[in-house]
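Inside the fold
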Amino acid sequence: MNRFVVWALKHQEIGPLVGLVALSIAFHLASGHLFFTSGQISAVAALSSSVGIVALGVTILMISGEFDLSVSATFALAPILMASLVNQAGWPPLAALLLAVSAVSVIGLTNGLLTMFTGIPSFIATLGMLFAIKSVNRMLAGGAPVELLETEDRIIRWMGAELPYTPFTAPLIWMFGFGALLWFVLEHTSHGNATRAIGDQEGSIARAMGVPVMQTKLVNFVVCAVLAGLSGCLQLADFGYASVDSGRDHNLMAIVAVVIGGTSLLGVRGTVLGSLLGALLLGTLKSGLVLVGTRGEFYDLLIGVLLLMAAIFNAWAKTIRDRSGR
Amino acid sequence: MSQGLPSSQVLELRGIQKRFGRIEVLRGIDLSVGAGEVVGLVGDNGAGKSTLVRIISGYLRPTSGAILVHGEKKSFASPRDARHAGIETVYQDLAIVKDMSLWRNFFLGNEIVRRVFPFRVLRRQEMKTICQQHLRDLGLTSVRSVDEMARNLSGGERQTLAITRSVYFQSNVLVLDEPVAALSVRETRRVMDEIRRARGEGIGVIYIDHNMNHVLPVADRIAVVQHGRIATVIRPSETTAEELGDLVARAGADSDEESG
């Protein structure tokens, strides 16, 4: 087989990277050289980091063979809790953040326990959780956005401030920071090894090898929920408000980013870098389409096409790999 | 059979019984495996071999009876416990994760790590070197690097690697559940060689296979399982593949009659 094809199949991050570069250049040309400006780059960064951090958690969970559809509701719950505690109870932002993150980690744990002890697929367990938390969010926040009254606190600035001399805000740095940490965990720790192994054949090989399947999955469910909640809190610090509609589509968008990044829906295969590039690609697409003045409807259409292309490519790549393995 | 055994017995099963509701699948299995001994386990479908393997490897708890490893009574709540007690099980297609690299597979569940709180950080170079050494010993010349995905190995090579792994981890007992089903003659030979090597290292082996021609040359003793009991234990020198096949088929027919 062509050596380039083999190399490209091994490094599936190449796809979203090429797409990202091509799309950026296309938008730059189509908009009369307006894409590579600080305003646009700032918009791409904000959009991408919000989905990107959620996608990181979804990646590690999907590699271990599970899904979490409740991340969009978790994304809204954590900042609503944090803002309410700061505004109404007068909590220091750091304490409010810690409590919000603890609360969503319990949600992740519940998702994991539900999946493992009832034997229902995580897809359904977390779908049920999605509706439940949405309802809680509405009870807590009502219809109106919750504004964060304390914005000058050091923690809030650490979380969401604009970075001096750049068009970026802090959440982008957090995304790369979390990404680096997760990459380290996946590639360099025994938890990473276990995570990949339990994604294969519903964990039966891993179980036979004495890998703690349940513990590993539970940790990943919690990590996924915590990252979604943190992403929501970072956006709160950046935008200054949160609402029940914050991150409404983040559950599906995160899956799209992860699939575009080459993570297999069947587990085991997947990379952190791929998912981050997938998230950047989605951010670029969204802000680029607005920039060149297309109608909003096109965005969803293109997302759909992109997802299908990525999934078909991944399936094709798997067939090629299966055939080339003797 | 298992009474008053010398301590060189690596595994001893005493009166293992297993019930699923009202059905009694195992009715008191007594079996011992010595260090450096290969015990073949044969029997027709439904005789109870799989249940016995699942009990030995920690997937199931026996309803009654005892498992002793090196004379010490053990109780397994999970395959992890069994592995800690030095019992490695290699299943037909549950040995290796194909989309993981060779070295990660080799050390899966038993990684060499250093603790950097809260992580258990892999000692990658050390593990790669050890894995490389074992691959070389196995003569897996087609492998260019231990970073290659396991899917690049053939079925036989994957089984061989799984057996080598248990030798490296100095297991007491190696349970092989139809390890050569669906393998070519050449590949089967490779796996058999590896089983003999494991035996040479003092590991006790339980070898399960439907094909008597595979069991006979490698086993030191052969236990015939018949509706949940060990019906007889014979030495390969005392029988032929045909006789053994007849014995298993008769046992199967008897149990069909009984259950019918």
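Residues numbered from 1 in each chain as written. Chains lettered and ligands numbered in written order. Predicted model: local features only at pLDDT ≥ 70, side-chain atom pairs only at ≥ 80, totals over all residues. Heavy atoms only, no water.

**As for the sheet that holds strand 5 (residues 72-74) of chain B**
Strand pairing in a sheet relies on backbone hydrogen bonds. The paired strands run either parallel or antiparallel. All names here are of chain B. Put simply, the test is: We treat two strands as partners when DSSP finds at least two bridges between them. By the criteria applied, helices consist of DSSP H or I runs no shorter than four residues and strands consist of E runs no shorter than two, each listed in order from the N terminus. Here an angle of 0 to 180 degrees is reported between the N-to-C directions of two axes, which are lines fitted to C-alpha atoms, with helices fitted over the stretch in contact.
With respect to topology, 4 strands assemble into an open sheet ordered 2-1-4-5, the strand pairing being antiparallel. The open sheet has two edge strands with one neighbour each: strand 2 (23-34) and strand 5. Geometrically, the sheet is characterised by an average inter-axis angle of 25° between neighbouring strands, direction not taken into account. Taken together, the 5 bridges between strand 1 (residues 9-20) and strand 4 (residues 64-69) define a ladder with antiparallel strand orientation. Each bridged residue has a counterpart across the sheet, and for Glu 12 the counterpart in strand 4 is Leu 68.

**Some points on empty space enclosed by the protein**
The rolling of a water-molecule-sized probe over the atoms marks out the regions of remaining empty space. All names here are of chain A. Applicable threshold: Buriedness for pockets is judged along seven lines, at least five of which must meet protein on both sides within 12 Å for an open set on the 1 Å grid over protein atoms alone, while cavities are sets there where a 1.4 Å probe fits but cannot get out, and lining residues have an atom within 4 Å of a point. Grid points are joined across faces, edges and corners, and a volume is the space filled by probe spheres set on the points.
Under the criterion given, the structure shown has 3 cavities of 30 Å³ or more. Each pocket or cavity is described by its volume, and for the largest cavity that value is around 60 Å³. Together, Ala 46, Ser 49, Ser 50, Ile 53, Pro 171, Ser 231, Leu 234, Gln 235, Asp 238 and Phe 239 line the largest cavity. Broken down by element, the lining of the largest cavity gets its largest block of residues, 5 residues, from helix 11 (residues 213-239).

**Regarding the sheet that holds strand 11 (residues 221-226) of chain B**
All names here are of chain B. Rules: Should any heavy atoms of two residues lie within 4.5 Å, those residues are considered in contact.
What the 6 strands build is an open sheet, ordered 6-9-10-3-11-12; its pairing is mixed. Edge positions in the sheet fall to strand 6 (87-91) and strand 12 (229-234), since each of these pairs with one other strand and no more. When strand polarity is set aside, the average angle formed by the axes of neighbouring strands in this sheet is 20°. Looking at chain direction, strand 11 and strand 12 are connected through 5 bridges and run antiparallel. Of the residues in strand 12, the one forming a bridge with Gln 226 is Arg 229. Helix-sheet contacts for helix 5 (residues 155-168) involve strand 6 and strand 9 (173-177), and the interaxial angle to strand 6 is about 180°. Helix 6 (residues 185-200) rests against strand 3 (38-42), strand 9 and strand 10 (204-208) of the sheet, and its axis sits at about 150° to strand 10.

**Observations regarding the layout of surface pockets**
Reported here for the second largest pocket is a volume of approximately 1,200 Å³. Elements that contribute at least two residues to the lining of the second largest pocket include exactly helix 1 (3-10), helix 8 (170-188) and helix 14 (297-324) of chain A together with helix 3 (102-106) of chain B.

**Observations regarding the domain arrangement of chain B**
All names here are of chain B. As a reminder of what qualifies: Domain start and end points were adopted from an automatic or database domain assignment. Once two parts are brought into contact, the accessible area they lose, counted with a 1.4 Å probe and summed over both, makes up the buried area. The salt bridge criterion pairs a side-chain nitrogen of Lys or Arg with a carboxyl oxygen of Asp or Glu, the two atoms within 4 Å. Polar contacts, as counted here, are pairs of nitrogen or oxygen atoms within 3.5 Å of one another; within protein the pair requires one atom able to donate a hydrogen and one able to accept it, and residues that are adjacent in sequence qualify only if both atoms are side-chain atoms. Throughout, the ten residues Ala, Val, Leu, Ile, Met, Phe, Trp, Tyr, Cys and Pro are labelled nonpolar, Asp, Glu, Lys and Arg are labelled charged, and all others, Gly among them, are labelled polar.
As assigned here, chain B comprises domain 1 (31-96 + 171-260) and domain 2 (98-152). Look at where the C-alpha atoms of domain 1 and domain 2 centre, and you get two points 28 Å apart. Across the boundary between the two partners, domain 1 contributes 4 residues, which contact 9 residues of domain 2. Between domain 1 and domain 2 the total buried area reaches about 580 Å² when both faces are included, carbon and sulfur atoms providing 42% of it. Of all residues in domain 1, Arg 83, Ile 96 and Arg 190 bury the most surface against domain 2, accounting for 70% of the area lost on that side. Scanning the region where domain 1 abuts domain 2 turns up 0 salt bridges. Joining domain 1 to domain 2, the criterion identifies 2 residue pairs in polar contact (both at pLDDT 80 or more). Of the residues contributing to the side of domain 1 that touches domain 2, the split by class is 1 nonpolar, no polar and 3 charged.

**Thoughts on the interface of chain B and chain A**
Taken together, the 31 residues of chain B in the interface contact 27 residues of chain A. Between chain B and chain A, the buried area comes to about 2,600 Å², and carbon and sulfur atoms account for 57% of it. Considering only the side of chain B, the residues that lose the most area to chain A are Leu 94, Phe 119 and Arg 151 of chain B, jointly responsible for 21% of the buried surface there. For the interface between chain B and chain A, the tally reads 2 salt bridges. In this assembly, chain B and chain A are joined by 10 residue pairs in polar contact (both at pLDDT 80 or more). Taken together, the elements giving at least two residues each to the side of chain B that touches chain A come down to helix 2 (79-84), strand 6, strand 8 (119-122) and helix 5 of chain B. Take the side of chain B that touches chain A: its biggest share by element is 4 residues, from strand 8 of chain B. Taken together, the residues of the side of chain B that touches chain A sort by class into 14 nonpolar, 4 polar and 13 charged.

**Structural notes on unusual backbone geometry**
The line we're drawing: Burial status follows relative accessibility: with a 1.4 Å probe on protein chains alone, a residue under 20% of its type maximum counts as buried, one over 50% as exposed, and anything between as partly exposed.
Here the bond from Phe 117 of chain B into Pro 118 of chain B is cis, since omega is 0°, no more than 30 degrees from zero. Inspection of the secondary structure puts Pro 118 of chain B in the loop between strand 7 (113-116) and strand 8. Although it is not a glycine, Tyr 165 of chain A adopts a positive phi angle of roughly 65°. Along the polypeptide, Tyr 165 of chain A turns up in the loop between helix 7 (154-160) and helix 8. In this structure Tyr 165 of chain A comes out as exposed when scored by relative accessible area, which is 88%. A positive phi angle is found at Val 268 of chain A, which is not glycine, with a value near 70°. With respect to the helices and strands, the residue Val 268 of chain A is situated in the loop between helix 12 (250-260) and helix 13 (272-291).

**Let's talk about the packing of aromatic side chains**
Residue and element names in this part refer to chain B. For clarity, the threshold we go by: Centres within 6.5 Å are what make two rings of Phe, Tyr or Trp a pair, Trp counting through its six-membered ring; a difference in plane orientation under 30 degrees is then read as stacked, over 60 as edge-to-face, and the rest as tilted.
Using the criterion set out here, one finds 14 aromatic pairs over all chains in the structure. An angle of 35° between the planes, with centres 6.4 Å apart, marks the rings of Phe 106 and Phe 169 as tilted. Here Phe 169 lies in the loop between helix 5 and strand 9 and Phe 106 lies in helix 3, a separation of 63 residues in the sequence. Taking relative accessible area as the criterion, Phe 106 reaches 0% and is therefore assigned buried. Judged by centre distance (5.7 Å) and plane angle (80°), the ring pair of Phe 107 and Tyr 168 falls under edge-to-face. Pair noted here: Phe 107 is in the loop between helix 3 and strand 7 and Tyr 168 is in helix 5, with a separation of 61 residues, a long-range link.

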